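Report on the structure
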There are 2 protein chains.
Amino acid sequence: MTAAASSPQQPTPERFFGAINAYEQTEAIKTAVELEVFTAIAEGNTTAGAIAKRCEASERGVRVLCDFLTIHGFLTKDGTQYGLTADSAVFLNRKSPAYVGGVIEFLLTPRVREAHALLTEAVRRGGSALGEGNLVPENPDWVKFARAMMPMMVMPAQIMTAELLKGGAVHKVLDIAAGHGIYGITVAKQNPGAEIYACDWKNVLAVAEENARAMGVGDRYHLLPGSAFDVDFGGGYDLALITNFLHHFDPPTCTEFLRKVHASLGPGGRAAIVEFIPNPDRVTPPMAAAFSMMMLATTPAGDAYTFAEIESMLKNACFSRVALAEGQLGLDRLVIATK
Amino acid sequence: MTAAASSPQQPTPERFFGAINAYEQTEAIKTAVELEVFTAIAEGNTTAGAIAKRCEASERGVRVLCDFLTIHGFLTKDGTQYGLTADSAVFLNRKSPAYVGGVIEFLLTPRVREAHALLTEAVRRGGSALGEGNLVPENPDWVKFARAMMPMMVMPAQIMTAELLKGGAVHKVLDIAAGHGIYGITVAKQNPGAEIYACDWKNVLAVAEENARAMGVGDRYHLLPGSAFDVDFGGGYDLALITNFLHHFDPPTCTEFLRKVHASLGPGGRAAIVEFIPNPDRVTPPMAAAFSMMMLATTPAGDAYTFAEIESMLKNACFSRVALAEGQLGLDRLVIATK
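Residues numbered from 1 in each chain as written. Chains lettered and ligands numbered in written order. Predicted model: local features only at pLDDT ≥ 70, side-chain atom pairs only at ≥ 80, totals over all residues. Heavy atoms only, no water.

Remarks on the state of the cysteines
All names here are of chain A. How we decide: When the sulfur atoms of two cysteines come within 2.5 Å, that pair is taken as a disulfide. Burial classes: relative accessible area under 20% of the type maximum marks a residue as buried, over 50% as exposed, and values in between as partly exposed (1.4 Å probe, protein chains only).
Within this structure, the stated rule accounts for zero disulfides over all chains. Cysteine C66 remains unbridged, with the sulfur of C55 as its closest cysteine sulfur at 7.8 Å. Residue classification places C66 among the buried residues on the basis of a relative accessible area of 0%.

Structural data, given as structure tokens:
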């Protein structure tokens, strides 16, 4: 007998079958978060039987799920004992301060899944088969985003703020598509004189305002409810934050929007753009580059833009200097443009 | 600025986010097969524009899809030129004799996807949330299986047949849950005197019979339509083939069924069991072990059984000798049991 599957030199369809069944990883990690399997193990329930009892599930189901999570690197297994990997202990135990399990509420909404189920149609037409996708006004998915994603954004917001402080303190700050508000709030905390003007849908701003109050900057936090394309920003800002926003739109729309931002800045004012930014090859780094697929499936014309593309939009919007900051903000990069 | 994502020693949620979005790989590979992207590239269309024209899709959609396929190892990219990897050229070009793209028709049926969408419920109850899952009589998904999976099974069937021939020629062969029929047909071709009795649902047997005729063994091919649990097999077989069947059922059901097989064999008759067989740890090798998840989601009580479990079922069904053959049949293993 020969061993086709174990000869790496031979062509093999294994990667193909792995991709076909990749959705099982999505369902398994979602189920594990929903049932609090990682939290159960962190509490000392290490056998399928003990985890099942804690999670109110069947032992057989938990055994299959935990084996699957072990195969995919989320758990360890020693005999019949499951354990947490270092990453799972930090990020998936609900009692860990860095817990991020809540992001499934935003990242796996039915609308996002449906948009991908129609991917063939999206590739045919060059944009989401669901039309406006998640860009409809007051979409409650953005409230989920604001609530679920904030823990992930605390560190990137701190890194961004530290980088921006190198250019001097700021006083009047526009936070566009504020979401959870953490970027603007972090800037407010590090710039004690700064007033923050946060723009987003009204239902989303309620979350940002709640966070601003909880973090002690509520008295310097002002709301600009509505579409960022329509709201009157006012003027005289010395900083505008545009975080994970441009990727939803096509380059002409982004350029037009950046002109509006440019007009709202005072002399020497800066725009800080936080984005997934793939390299010019568009296939590295993998997670930033793969974000293009999310935008194809879920928006009419959005994309993960390269630095050259963002620079071109900013120059066309009359910004004078454009620089890509060193290093990462999590998976994001920071572009700073000066009026 | 620090680079959290690029410090492998630091805990990172990257694997978690990768798993959350893993379903995008499923949708992307399905779309690429449906649009014949790999075939288009094999024909010499190597830019997004040329592929888009050949596949009747948008250039923008094709560019994002091909970048995504490159990120996940299915294509190469050099400047604006896409190329096939060695595996994609062999298995995903529709004009390749080893093309397997058709398996998406069976592996990604709406029922299978729906069963996984209800995985939390399946883990709670310890079996498919859809009840009988795909085990209902005359389920047309098994016709899809028979048509789609045959190309994949030609080589495993040849390996199995060669191994069985070491034990001597066979004359009367029972092929249980024959599906495409390729296992029994291959045995018939290598044993010119053998008569094959194929059991499966009537609608599925039509595919097996068609294949038997096309492969020149139609005159030695006999049909036993109906449930393998209910049909009268007759007796005097010197070989019974039980390929990818036991994993759908729980051990008592398997044992009871193997007793029926045992009774149908003549003296010294053999049962050949082809199965995904994980190691005793149940987490290696990864693809065979992960098959447990597919059975949890889609069957009431099926599983990927270890050799010890299969051996126990066979011994309880009164088989005298049980042996695990060396090597792989693709992802499967072969167990030979003697009456």
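We are not done yet, so read on.
Quick notes on the environment of F38 of chain A
Residues and elements named next belong to chain A. This is how it is decided: By definition, any uninterrupted DSSP run of H or I lasting at least four residues is a helix, any uninterrupted run of E lasting at least two residues is a strand, and each is numbered from the N terminus. Whether two residues are in contact is decided by their heavy atoms, any of which lying within 4.5 Å being enough.
As for its placement among the helices and strands, F38 is situated in helix α3 (residues 37–42). Of the residues examined, F38 reaches a relative accessible area of 1% and is grouped as buried. Remark: the alpha-carbon pair of F38 and L75, spanning 37 residues in sequence, is separated by 8.6 Å. Those residues within four positions of F38 in sequence are excluded, and the remaining contacts are I29, A32, L69, F74, L75, L84, S88, L92 and N93.

Regarding the pattern of salt bridges
As a reminder of what qualifies: One side-chain nitrogen of Lys or Arg within 4 Å of one carboxyl oxygen of Asp or Glu is enough to make a salt bridge.
In the structure shown here, the tally under the stated rule is 32 salt bridges over all chains. Between K77 of chain A and D67 of chain A there is a salt bridge, with its nearest N and O atoms 2.8 Å apart. Of this pair, K77 of chain A sits in strand β1 (residues 75–78) while D67 of chain A sits in helix α5 (residues 59–71), placing them 10 residues apart in sequence. On the basis of relative accessibility, which here comes to 24%, the residue K77 of chain A falls in the partly exposed class. K95 of chain B is the salt-bridge partner of E43 of chain B, the closest N and O atoms lying 2.3 Å from each other. Of this pair, E43 of chain B sits in the loop between α3 (37–42) and α4 (48–55) while K95 of chain B is found in the loop between α6 (86–91) and α7 (104–107), placing the two residues 52 residues apart along the sequence.

What to know about the confidence of the model for chain A
Residues and elements named next belong to chain A. Operational definition: Each residue carries a pLDDT score, the predictor's own confidence in it, on a scale running from 0 to 100.
Considering every residue of chain A, the mean pLDDT works out to 94; 97% of them sit at 70 or more. Of the regions scoring below 50 in pLDDT, residues 1–7 engages in 15 contacts with residues more than four places distant in sequence or in other chains. The ipTM assigned to the predicted complex is 0.94, against a pTM of 0.93.

So, the environment of L324 of chain A
Residue position: L324 of chain A is located in strand β8 (residues 321–324). Between the alpha carbons of L324 of chain A and I310 of chain A there is a distance of 9.8 Å; along the sequence they are 14 residues apart.

Focus on the packing of aromatic side chains
We apply this condition: The criterion for an aromatic pair is that two Phe, Tyr or Trp rings (for Trp, the six-membered ring) have centres within 6.5 Å, with stacked assigned to planes under 30 degrees apart, edge-to-face to planes over 60 apart and tilted to the rest.
Inspection of the entire model under this criterion finds 24 aromatic pairs over all chains. Between the aromatic rings of F106 of chain B and W142 of chain B, the centroid separation amounts to 5.5 Å while the plane-to-plane angle is 40 degrees, which identifies the pairing as tilted. With a gap of 36 residues between them, F106 of chain B in helix α7 and W142 of chain B in helix α10 (residues 141–165) connect regions that are remote in the sequence. Accessibility expressed as a relative area gives 12% for F106 of chain B, which makes it buried. In textbook terms, an aromatic cluster arises when at least three aromatic residues are bridged by ring pairs, as seen for F229, F233, F245, F249 and F257 of chain A.

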